[in-house]
Amino acid sequence: MGSSTDGTYRWTTSAQSADPDSPAHLFTPLATLQGGTTPGENLLLTDDGVKVYPLGGNFTFYGTTVNYVQVCANGVISFAAPAHAGTDTILGTSDDTPSLDCGNAFTPEPFGTPGQTGDSLVAPLWMDLNPADSGAVWIFSDNFTTTIHWEDVAQWQSGGGATEGRSTFQITLYHDATLTPGSIVVSYETVGTANSWNEGKGGVLVGMENADASHYLQAFGHHGSETLSGSTIVVSTCVLGTSIDGDGVDACFDCNDFSPALGLPNIDNYADEDGDTD
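Residues numbered from 1 in each chain as written. Predicted model: local features only at pLDDT ≥ 70, side-chain atom pairs only at ≥ 80, totals over all residues. Heavy atoms only, no water.

**Q** Got a minute to help me understand the pattern of salt bridges in this structure?
**A** For side chains of opposite charge, pairing can occur when their charged atoms come near one another. Here the structure, examined in full by the defined rule, presents 2 salt bridges. The salt bridge partner of Glu41 is Lys51, with a shortest N-O separation of 3.3 Å. Taken together, the residues Glu41 in strand β3 (residues 41-42) and Lys51 in strand β4 (residues 50-61) connect sequence positions 10 residues apart. In this structure Glu41 comes out as partly exposed when scored by relative accessible area, which is 28%. Close ionic contact of Arg166 with Asp152 constitutes a salt bridge, the shortest N to O distance being 3.3 Å. With Arg166 in the loop between β10 (145-155) and β11 (167-174) and Asp152 in strand β10, the pair connects residues that are 14 residues apart, well separated along the chain. Taking relative accessible area as the criterion, Arg166 reaches 35% and is therefore assigned partly exposed. (Salt bridge = Lys/Arg side-chain N within 4 Å of Asp/Glu carboxyl O. Helix = DSSP H or I, 4+ residues; strand = E, 2+ residues; numbered from the N terminus. Buried < 20%, exposed > 50% of the residue type's maximum accessible area, 1.4 Å probe, protein only.)

Here's what the structure looks like:
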């Protein structure tokens, strides 16, 4: 369906039913996550809140390996280094001082714009959200995956007390070497229609960018956020210089002759691995 500008990542979505390689909807309800082997933690984020949290394993993002994540209430996570370590003097733990300026992250900036908000980021639903009004942001992490889950979170509204336009969604990072390391799965249960405040800020963005914003991908933007409801986006790493389906075309930039007939993009970056000629 699409790729990062450097071809090292490719993405596809369950919303494109015409693509036989599109993923199934992979959303896991909060109650199911809480009933798993890892109880998880409510990050207690408020409006524009951000917190550093250690991952259960190493995660490689655009060639840089980290063991922590910064979580911003406004539907953004970052792998940028925290500003400084906390009382335990260990960088990447929950008492660190964040470097991500979540207060400025209520205005989605175009991906590929250096120095905006904080780079080395992934945005599963970049819009101005306010868990202080409704909902919560949870994190679940073990040796294999880390899931960050926004549950019934309201959009920001002047004066507070917003309850409309609430959204429930999650992002899962795969950091175990046996389970497609470096892959990212974003799943939406319900996404509220952007209110006038968020529409005025440009709507919603979904995507990611590397540390200096020189490479990025955008999977969704800017208006019609509610259309994401019930969908899943899968982002996976891609090895340049490999032709999986034997047509001699790099798998990271494999144009499919059938795509125009199906109404798909000319470059779908989802190589034919199952023999269905798509």
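**Q** Is there a simple way to think about the layout of surface pockets in this case?
**A** Roughly 290 Å³ of volume is contained in the largest pocket. Lining the largest pocket we find 17 residues, and of these Thr28, Leu33, Phe140, Thr145 and Thr147 sit closest to its centre. Broken down by secondary-structure element, the contributors of at least two residues to the lining of the largest pocket are α1 (30-34), β9 (136-141), β10 and β11. In terms of residue class, the lining of the largest pocket is made up of 5 nonpolar, 11 polar and 1 charged. (1 Å grid on protein atoms, 1.4 Å probe; cavity = no way out; pocket = protein on both sides within 12 Å on 5 of 7 lines; lining within 4 Å. Points joined across faces, edges and corners; volume = space filled by probe spheres on them. Nonpolar A, V, L, I, M, F, W, Y, C, P; charged D, E, K, R; others polar.)

**Q** What is the right way to read the packing of aromatic side chains from this model?
**A** Two measures describe an aromatic ring pair: the distance that separates the ring centres and the angle between the ring planes. In total, this model carries 10 aromatic pairs according to the counting rule given. Aromatic side chains Trp156 and Trp197 sit 4.7 Å apart centroid to centroid with 50 degrees between the ring planes, which places their arrangement in the tilted category. Residue Trp156 is found in the loop between β10 and β11, and its partner Trp197 is found in helix α2 (residues 196-200); the two are separated by 41 residues along the sequence. Here Trp197 falls in the partly exposed class, since its relative accessible area comes to 30%. Aromatic rings pair up to connect Tyr9, Phe59, Phe61, Tyr62 and Phe79 into one cluster. Over the face of the ring belonging to Trp197 we find Lys201, whose NZ or CZ atom lies 4.8 Å from the ring centre. (Phe/Tyr/Trp six-rings, centres within 6.5 Å; stacked < 30°, edge-to-face > 60°. Lys NZ or Arg CZ within 6 Å of the ring centre and 35° of its normal.)

**Q** What am I meant to see in the state of the cysteines here?
**A** Defined simply, a disulfide is a covalent bond joining two cysteines at their sulfur atoms. If you walk through the whole model with that rule in mind, you get 1 disulfide. Paired through a disulfide, Cys72 and Cys102 show a sulfur-sulfur distance of 2.0 Å. Where Cys72 bonds to Cys102 through sulfur, the torsion about that S-S bond is close to 65 degrees, and the disulfide is right-handed. Separated by 30 residues along the polypeptide, Cys72 in strand β5 (residues 64-72) and Cys102 in the loop between β6 (76-78) and β7 (121-126) bring together distant segments of the chain. (Disulfide = S-S within 2.5 Å.)

**Q** Honestly, unusual backbone geometry in this entry has me stumped. Any pointers?
**A** Peptide bonds are mostly trans, and most non-glycine residues show a negative phi. A positive phi is found at Tyr62, a non-glycine position, where the angle reads about 50 degrees. In this structure, Tyr62 sits in the loop between β4 and β5. Phi at Ala213 is positive, roughly 65 degrees, even though this residue is not glycine.

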